[in-house]
Amino acid sequence: MGTTWSVRYPGGAETSALRPGIEAVLERVIAQMSGWRPDSDLCRFNAAPAGSRHAHPAEFATVLACALEIAEASDGAFDPTVAPLVNLWGFGPPPAARAMPEAQDIAQAMAHVGWRKLPFAQSRVLQPGGMGLDFSGIAKGHAVDLVAMHLASLGIASFLVEIGGELRGQGMKPDGSPWWVALESVPGAAAPGEDFVVALHGLSVATSGDYRRFFERDGRRYGHTLDPRTGWPVANEVASVTVLHPSCMRADAWATALSVLGVRDGLELATRQGIGALFVTREEGRLAEHMSPVFAAMLD
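Undergrad: Please provide a residue-by-residue account of the environment of A157, values included.
TA: Tracing the chain through its elements places A157 in the loop between α6 (139–153) and β5 (159–163). Take A157: its relative accessible area is 59%, and that puts it in the exposed class. Sequence spacing of A157 and M172 is 15 residues, and the spatial spacing of their C-alpha atoms is 8.1 Å.

Undergrad: Tell me what's going on with the pairing of strand β14 (residues 286–291), and back it up with residues and numbers.
TA: Consecutive residues of a regular strand have side chains that alternate between opposite faces of the sheet. In the sheet, strand β13 (residues 276–283) pairs with β14 via 6 bridges, with the strands oriented antiparallel. Its bridge partner being in β14, V280 is matched across the sheet by E289. Where β13 folds back on β14, the antiparallel hairpin that results is connected by 2 residues, among which E284 adopts a positive phi of roughly 55°.

Undergrad: Got a sec to walk through the sheet that holds β13? Specific residues and values, please.
TA: In spatial order, the strands read β1-β5-β6-β9-β12-β13-β14; together these 7 strands make up an open sheet with antiparallel pairing. Strand pairing shows two members of the sheet lacking a second neighbour, β1 (5–8) and β14, which therefore form its edges. On average, each strand axis in the sheet is tilted by 10° relative to the strand beside it, whichever way the strands run. Bridge count for strand β9 (residues 203–209) against strand β12 (residues 238–245) is 6 bridges, and the pairing is antiparallel. Opposite S204, over in β12, you have H245 as the bridge partner. Where helix α1 (residues 15–33) meets the sheet, it contacts β1 and β5, and its direction lies at approximately 135° from that of β1.

Undergrad: How would you summarise the pattern of salt bridges if you had to cite specific residues and measurements?
TA: One pass over the structure, following the stated rule, counts 11 salt bridges. Here R116 and D75 are joined by a salt bridge, their closest N and O atoms 3.7 Å apart. Highlighted residues: R116 in the loop between α5 (103–110) and β3 (120–121) and D75 in the loop between α3 (58–73) and α4 (83–88), separated in sequence by 41 residues. For the salt bridge of R168 with D145, the shortest nitrogen-to-oxygen distance reads 3.0 Å. Remark: D145 occurs in helix α6 and R168 occurs in strand β6 (residues 166–170); sequence separation between them is 23 residues. D145 shares its class with R168; the two are buried.

Undergrad: Account for the sheet that holds strand β4 (residues 124–126), naming residues and giving values.
TA: With antiparallel pairing, 3 strands are arranged side by side in an open sheet as β2-β4-β3. If you trace the sheet from one side to the other, it starts and ends with β2 (53–55) and β3, each paired once. By the bridge criterion, 3 bridges tie β2 to β4 in an arrangement that is antiparallel. Following the sheet pairing, H54 is matched in β4 by V125.

Undergrad: Could you give an account of the packing of aromatic side chains, naming the residues involved and the relevant values?
TA: This structure, assessed with the given rule, holds 3 aromatic pairs. Here F196 and F295 contribute two aromatic rings whose centre-to-centre distance is 5.9 Å and whose plane-to-plane angle is 85°, an arrangement assigned as edge-to-face. In this pair, F196 is assigned in the loop between β7 (180–182) and β8 (197–199) and F295 in helix α8 (residues 293–298), connecting sequence segments 99 residues apart. F295 carries the same exposure label as F196, and that label is buried.

Undergrad: Any chance you could break down the packing of α1 against α3 for me, citing the residues and the numbers?
TA: Interhelical geometry of α1 versus α3 gives an angle of 65° and a closest axis separation of 10 Å. Relative to α3, α1 is oriented roughly perpendicular. Once α1 is placed against α3, the crossing between them reads as right-handed. For the pair formed by α1 and α3, the contact residues are R28, Q32 and M33 on the first element and E59, F60 and V63 on the second.

Cut-off values and rules
Residues numbered from 1 in each chain as written. Predicted model: local features only at pLDDT ≥ 70, side-chain atom pairs only at ≥ 80, totals over all residues. Heavy atoms only, no water. Helix = DSSP H or I, 4+ residues; strand = E, 2+ residues; numbered from the N terminus. Buried < 20%, exposed > 50% of the residue type's maximum accessible area, 1.4 Å probe, protein only. Pairing = 2+ DSSP bridges. Axes fitted to C-alpha atoms, helices over the stretch in contact; angles between N-to-C directions. Contact = heavy atoms within 4.5 Å. Salt bridge = Lys/Arg side-chain N within 4 Å of Asp/Glu carboxyl O. Phe/Tyr/Trp six-rings, centres within 6.5 Å; stacked < 30°, edge-to-face > 60°. Parallel < 35°, antiparallel > 145°, perpendicular 65-115°, else oblique. Left-handed = near helix turned anticlockwise from the far one by under 90°.

Shown next, in the form of structure tokens:
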């Protein structure tokens, strides 16, 4: 996944005994959902001819179904078919773009983007031709959930799982305290308020930020979060969105969707959906924070 992972738990099981099982879980996710491994289920679907039908493993189907659900709920702000745009802008497996895409290139890529164009039923997916799936905004969170399920299946009741900054905590530590974590902050600028620290007790956290991957051209920053509705990198006031949710897969995907929507529409949707979300925005040279009602209630 191009990142690191860690698992913390209070004593008991030997690390050497746990590591192989955890790595097997992560390898399974990569084998199914990696956009960088040519033999993954995802890459084989992306390279398949038009009209071909594909039966995918249950975990792949679970992630795709969740991605399509959030695509519908966000009116396409999150879209798992965005791979042609990701590659065009240089954020995918091909070599990074050295020149800005032309309007016709974006239009050509957009012709193959759109979650409504993807026939999917009962774990079988039809490749309509030229469509490319990208699970970068959801698979990492799903991997966190799977590792948590694996640990629970071994009888480990208390743990903190982290993959590339996405976390899930379960149970209590021996001293009776929960797994406290500080929320990811926007680098290079101090937040206007105190740092947020949350207790992850049966809860996950995921953050999408415009500072994670980007390139600059003519004094403008182009972040890796793309708006599937326009074909362009997101250009709004949002610096980061953090989502708290029992499912790390959903927290991961919603953080991306809300980043694309921006603070006004994103907060409105988070409120309607009952999502705990923190928006950090850049406003007149400073950072400002905006919370959904559910997020604010979690801090009480």
